[in-house]
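What follows is the residue order along each chain.
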Amino acid sequence: MVIDQYVRIGPIGPIDIVPLIPYASMLAIIGFILISVVFVIWMERVVLALVQNRLGPNRVGPRGLLQSIADAIKLFFKEDTRPAGADRTCYYVAPALVMIPALAAGATLPFGTITVRTEAGPQPLPLIVGDVNVGILFILALASLQVYGTVLAGWSANNKYSLLGGLRAAAQAISYELAMSIAVVTAVLIAGSLQLTAIVDQQSGYIWGWLPNWTCFQFYGLGMVATLIYLVAMVAETNRAPFDMPEAESELVAGFHTEYSSMKFAIFFVGEYASMLVVSGVATALWFGGWHAPLPFLQFIPGWIWFVVKVMAIMLTFMWIRASLPRLRYDALMAIGWKRMIPLATVVLLAVAAVDAFNAPVIALATLAAIVAASFWLGWRAQRGTRSGSPHTVTAQGAGGAG
Amino acid sequence: MSAQMVLFAVLATLSVVTAILVVVHRNPVRSALSLVCNLIVLAVLYLTLSAQFVAAIQIIVYAGAIMVLFLFTVMLLNLGAPEALRETGRVQGVVGVALGLSFLAAILGAGTISAGLGPSAATEESLRTGGTAEAIGRHMFEPGLPWHFAFELTSVLLLVGIVGAVVLAKRRL
């Protein structure tokens, strides 16, 4: 997209739009998150219905598109209850604490470029609210604050199921944040910057003329392993199935939001989808090339469209995983986080550093072979464990220390 | 009064108020939450000093990780009964007030000394780039600067802590 630096709106004189880009980006990112939540909830219900061979929403609006709006209106008219003995302040603040970090984290997310015609010639500018030097750390900081909303909701409601949900949320967030952070450090190491625009810029271009130079395709497959670690940790961070232990309805009623009704419940619901959109946006920027086109001949399409397409593809993966996989047992969830993901992420980080330092691709291949061999060995051990009649699979053994 | 002074006044007041609330609250969860607020306000104060990297790390490590663990432990032990936690001894109060006053004196002394040093040598350029991750990394790992040793020593200290935790938690290795 190319625009002029000075525009004239009616009687108002020429306005320099370059300083206005951050504000326009702010409106765009908040608008995108809040509006697409409506669409994404509809999408999730349609995807689940397709997987489970049923019709899904089909009454309100064309193809049920207005179902989410109908649900919002219904929730708006529900009675707003507060359980007796609830901690009043925390109970009221908790939904906001889920929502605010999700919206604020969009501030350092670059979602495209815009070319501005200046006197010095055309100049590409990133579409981002605040292009800060520690952009990815800012997003990680807000993601780590988001768990307070869940924990406080669980604690303040004065309900044992809520409390259990909140405790699980805290333990799970801490465990998977580690693996996620190590994977993010790998991306930072590959890109050589903490600034998200620099990370995305580094992924422009194509290997052999067709394979996009995204982080997930770099370092001879190690980038792909780190990407998968980030994606798994991302699902766990947003408390989505199969990692939705904080709200496991088969054992905890509705987990941390059992006692919430009306719009407070709606805010938890929307906050979950908003944080899903944000972590998908971060995944796009870190691993899948941000606003860059996947193939050279598709570069004529504006970058922000590619960004939205990639975010929606990751959201679809979220829903697909939810429809496909059963919920994990709690000790297995902890064991996977601490005993599989963190060691794997550390090995990948060290291997990427070694390949980078010695310029030796053989290290990457050796690491990948070792990872595959270790997975086969662990799988074989787990299968032997179940065949001998033991109820505990290998992922559950000795998990008491981690939980 | 400039805008910066107003911002500093607001943040300083908030940080002091939240710090006092940590001690005053009877409910341990409320105390922990006040401490979280305090840490976040301190991070914003770092930001006004253009130390963006330190601010982000402050939130990630202290507000995001350590305080979640605090809160987790408080909730797990369910320390909701304030009567059981009430301090009965007089000695703690006296010692606490004395320590607080001496700390205040130390801070005031440091403030007077730094006020006597005159204006800082920071330029606009050094303010803009001094707080970035690159600048801190260069400063810490530049050959010839003495920070390597302290850095490695800190990692050894953390390792000792981890080993200690494992030994304490696992009776049988």
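Further up the page is the structure itself.
Residues numbered from 1 in each chain as written. Chains lettered and ligands numbered in written order. Predicted model: local features only at pLDDT ≥ 70, side-chain atom pairs only at ≥ 80, totals over all residues.

1. Quick notes on the overall build of chain A
Stated precisely, the cut-off is as follows: Segments assigned H or I by DSSP are reported as helices when at least four residues long, segments assigned E as strands when at least two residues long, and all are numbered from the N terminus. Our radius of gyration is a C-alpha quantity, and the globule rule it is checked against amounts to 2.2 Å times the number of residues to the power 0.38. Any residue with 12 or fewer other C-beta atoms within 10 Å of its own C-beta is exposed, any with 20 or more is buried, and the rest are partly exposed; the C-beta atoms used are placed from the backbone.
Scanning chain A from terminus to terminus reveals 12 helices and 7 strands. Computed over its C-alpha atoms, the radius of gyration of chain A comes to 23 Å, within 12% of the 22 Å expected for a compact globule of 403 residues. In terms of its C-alpha atoms, chain A occupies a principal-axis envelope of roughly 75 × 60 × 40 Å. Within chain A, the proportion of its 403 residues that are buried is 45%.

2. Brief notes about the overall build of chain B
In terms of helices and strands, chain B carries 8 helices and 0 strands. Counting from the amino terminus, helix and strand elements in chain B follow one another as α-α-α-α-α-α-α-α. At 20 Å, chain B has a C-alpha radius of gyration far larger than the 16 Å of a compact globule built from 173 residues. C-alpha extents for chain B along the principal axes are approximately 55 × 50 × 25 Å.

3. Side note on the packing of helix H2 (residues 67-76) of chain A against helix H9 (residues 262-286) of chain A
Residues and elements named next belong to chain A. Heads up, the rule is: Fitted lines through C-alpha atoms give the axes, limited to the stretch in contact for helices. The angle between two N-to-C directions lies from 0 to 180 degrees. In this description, any two residues whose backbone-derived C-beta atoms lie within 7 Å of each other are considered to be in contact. We call Asp, Glu, Lys and Arg charged. Ala, Val, Leu, Ile, Met, Phe, Trp, Tyr, Cys and Pro are nonpolar, and the rest, Gly among them, are polar.
Closest axis-to-axis distance for the H2/H9 pair is 7 Å, and the angle between their directions is 145°. Contact residues: Ala72, Leu75 and Phe76 in H2; Ser262, Met263, Phe265 and Ala266 in H9. Grouping the constituent residues of the contact of H2 with H9 by class yields 6 nonpolar, 1 polar and no charged.

4. Points about the pairing of strand S4 (residues 113-118) of chain A
All names here are of chain A. For clarity, the cut-off: Pairing between two strands requires that DSSP report at least two bridges joining them.
Judged from the 3 bridges that link them, strand S1 (residues 2-4) and S4 form a sheet pairing that is parallel. Residue pairing across strands places Val2 opposite Thr115, the latter belonging to S4. Turn length for the S4-strand S5 (residues 121-126) hairpin, with the two strands adjacent in sequence and antiparallel, is 2 residues.

5. Details of the sheet that holds S5(A)
Residues and elements named next belong to chain A. Strand order in the open sheet formed by 3 strands is S1-S4-S5, with mixed pairing between adjacent strands. Each end of this open sheet is capped by a strand with a single partner; those strands are S1 and S5. The sheet shows a mean angle of 35° between the axes of neighbouring strands, direction not considered. As judged from the 6 bridges shared by S4 and S5, these two strands associate in the antiparallel manner. Bridging across to S5, Arg117 finds its partner in Pro122.

6. Points about the nonpolar core
All names here are of chain A. To keep things clear, this is the line we draw: Note on terminology: a nonpolar core is any set of buried Ala, Val, Leu, Ile, Met, Phe, Trp, Tyr and Cys residues joined through C-beta atoms within 7 Å.
Ala183, Ile229, Tyr230 and Ala233 are the most contacted members of the largest nonpolar core, which has 142 residues in total. A total of 18 residues in this core trace back to one element, the largest contributor, which is helix H5 (residues 160-191). If we skip the residues at most four places from it in the chain, Ala183 touches Ala226, Ile229, Tyr230, Ala233 and Ala345.

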